[in-house]
Amino acid sequence: MNTVQLECFVTVAEHLNFSKASRVLKITQPAVSHQIQTLEEELGVKLFNRTSKNVALTQEGISFFADAQLILKTAISAKERLGRHERFIPFELGCHNYTEMNLFPPILRDLSREFPLLRPSIRLIPFPSILGMVENTQLLAALGIKYEQNASSLWYRELSSAHMACVCSPKHPLARYETLTPEQLAGNFITCSPRQLSDTVFTIQNSIFMTLPPEQRFITENIESAFTLIKAQIGYTLYPDIPHTRDPGLCYIPITGLPKVSFGIYYQYGHDHPVLKRFLTLLTRHMEDKT
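Residues numbered from 1 in each chain as written. Predicted model: local features only at pLDDT ≥ 70, side-chain atom pairs only at ≥ 80, totals over all residues. Heavy atoms only, no water.

Caption draft 1: Seen up close, the overall build of the protein. If you tally the helices and strands in the protein, you get ten helices and twelve strands. Relative to all contacts within the protein whose residues are 6 or more apart in sequence, the contacts with residues 24 or more apart total 72%. Total accessible area computed for the protein in this model is approximately 15500 Å², and 53% of it derives from carbon and sulfur atoms. Put simply, the protein has 28 plus and 27 minus side-chain charges, and the middle of one group is 6 Å from the middle of the other. (Helix = DSSP H or I, 4+ residues; strand = E, 2+ residues; numbered from the N terminus. Contact = heavy atoms within 4.5 Å. Areas by Shrake-Rupley, 256 points an atom, 1.4 Å probe, with all protein chains shown as cover. Lys, Arg positive; Asp, Glu negative; His and termini not counted. Charge placed at Lys NZ, Arg CZ, Asp CG, Glu CD.)

Following this line, the structure appears as structure tokens:
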């Protein structure tokens, strides 16, 4: 496997068109096809379904796409760093959605001032995959809800013990309450794919979702889509009220009688990355700041 093969694969995957990929790469279309073919032979899988009318990624191609991007990015970064004789500090972080990603900007701002050569990168990863990526060092650290039954060797630092909240539009009938019980919840309920939720949150959501008639159930691909439907006043959802992650356009009403959810960060204990310890200190301090 080489970077030429990977560049061809990623470019075709982005455009789903061999002709466009060849123009972007400035090589002939047969050359692109040859690189894809040799990569498929090496991997032992088919990466594209190709007909005379269209090109589509296979399931294996979809799975390989993120890995190919990461390998290319690492190779290009190493080449640039060595060529310029600069010692950039790569800093790969992970989280599950954009609400969690909102925690990073003030931390990365301060870190970048202290470490000018820091090169942060943030990836959105589904729940089933993220811990493995920290374990095999594809990610340095990752935010997330604590896994109740977790055999991972990773270190977990709790940042918040968050109440479950009813998240709804300010114009939703439930928005008039200061607190709610599960029995008071009413109306259309919006959930999202289990791949985008921790087991703990999914179990709590499902306990409400499954009691409703089909016409009141809405399923979306991710939490961002769920929040979009909530803003459209289509319904509400239940989600942990994690400090500094609230969407300013929505109401968060605590639900009594439901367990709190542990939110924190996973990382390899004893990792010798030059910035990790400072990052954890700043993040913990930020989460403790109630202003």
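Okay, back to it.
Caption draft 2: Expanded view of the packing of aromatic side chains. Under the criterion given, the structure shown has eleven aromatic pairs. Centre to centre, the rings of Tyr156 and Tyr266 are 4.8 Å apart; their planes meet at 50°, and the pair counts as tilted. Of the two residues, Tyr156 sits in strand β6 (residues 155-162) while Tyr266 sits in strand β12 (residues 261-267), which places them 110 residues apart along the sequence. Taken individually, Tyr156 and Tyr266 each receive the classification buried, so the pair is uniform in this respect. Every member of this aromatic cluster is reached through a ring pair, and the members are Phe9, Phe18, Phe48, Phe64 and Phe65. For Arg50, the ring lying beneath its charged end belongs to Phe18, and the centroid distance is 3.9 Å. The residue whose ring lies beneath Arg217 is Phe209, and the NZ or CZ to ring-centre distance is 5.4 Å. (Phe/Tyr/Trp six-rings, centres within 6.5 Å; stacked < 30°, edge-to-face > 60°. Buried < 20%, exposed > 50% of the residue type's maximum accessible area, 1.4 Å probe, protein only. Lys NZ or Arg CZ within 6 Å of the ring centre and 35° of its normal.)

Caption draft 3: How the structure looks around the sheet that holds strand β7 (residues 164-168). On the basis of which strands lie adjacent, the open sheet formed by three strands has the order β10-β7-β11 and antiparallel pairing. Since the sheet does not close on itself, it has two edges, and those belong to β10 (237-240) and β11 (251-254), each with one partner. This sheet shows a mean twist of 40° between the axes of neighbouring strands, independent of strand direction. Note that β7 and β10 share four bridges and pair antiparallel. For Met164, the partnering residue across the bridge sits in β10 and is Pro240. Lying on the sheet, helix α8 (residues 199-209) is in contact with β7 and β10; it crosses β10 at an angle near 160°. (Pairing = 2+ DSSP bridges. Axes fitted to C-alpha atoms, helices over the stretch in contact; angles between N-to-C directions.)

Caption draft 4: Spatial organisation of helix α9 (residues 223-231). Buried within α9 we find Ile223, Ala226, Phe227 and Ile230. Considered in projection along α9, the buried side chains sweep an arc of 95° and stay on one side of the axis. Against the buried residues of α9 lie α5 (98-101), β7, β8 (189-192), β9 (217-220), β10 and β11. Looking at where α9 begins, the residue whose side-chain oxygen comes 3.3 Å from the main-chain nitrogen of Glu224 is Asn222. (Arc of directions from axis to C-beta. Polar contact = N/O pair within 3.5 Å; in protein donor to acceptor, adjacent residues only side chain to side chain.)

Caption draft 5: Looking closely at the environment of Val55. Structurally, Val55 is set in strand β2 (residues 55-57). The class of Val55 is buried, set by a relative accessible area of 12%. The contact partners of Val55, leaving out residues within four places of it in the chain, are Val12, Leu16, Phe18, Phe48, Asn49 and Arg50.

Caption draft 6: Helix α10 (residues 276-288), seen in detail. The end-to-end C-alpha separation of α10 is 18 Å, in line with the 18 Å expected for 13 residues at 1.5 Å each. Within the span of α10, buried status applies to Leu276, Phe279, Leu280, Leu282, Leu283, Thr284, His286 and Met287. Close packing links the buried residues of α10 with β3 (89-95), α6 (104-114), β5 (141-145), β6 and β12. (Expected span 1.5 Å × (residues − 1).)

Caption draft 7: Examining the sheet that holds β3 more closely. Taken together, five strands build an open sheet; the order of strands is β4-β3-β5-β12-β6 and the sheet is mixed. Either end of the sheet is taken by a strand with one partner, and the two such strands are β4 (118-124) and β6. The average undirected angle you get between the axes of adjacent strands in this sheet is 20°. Contacts between α6 and the sheet are confined to β3, β4 and β5, with β3 contributing the most and set at about 170° to the helix.

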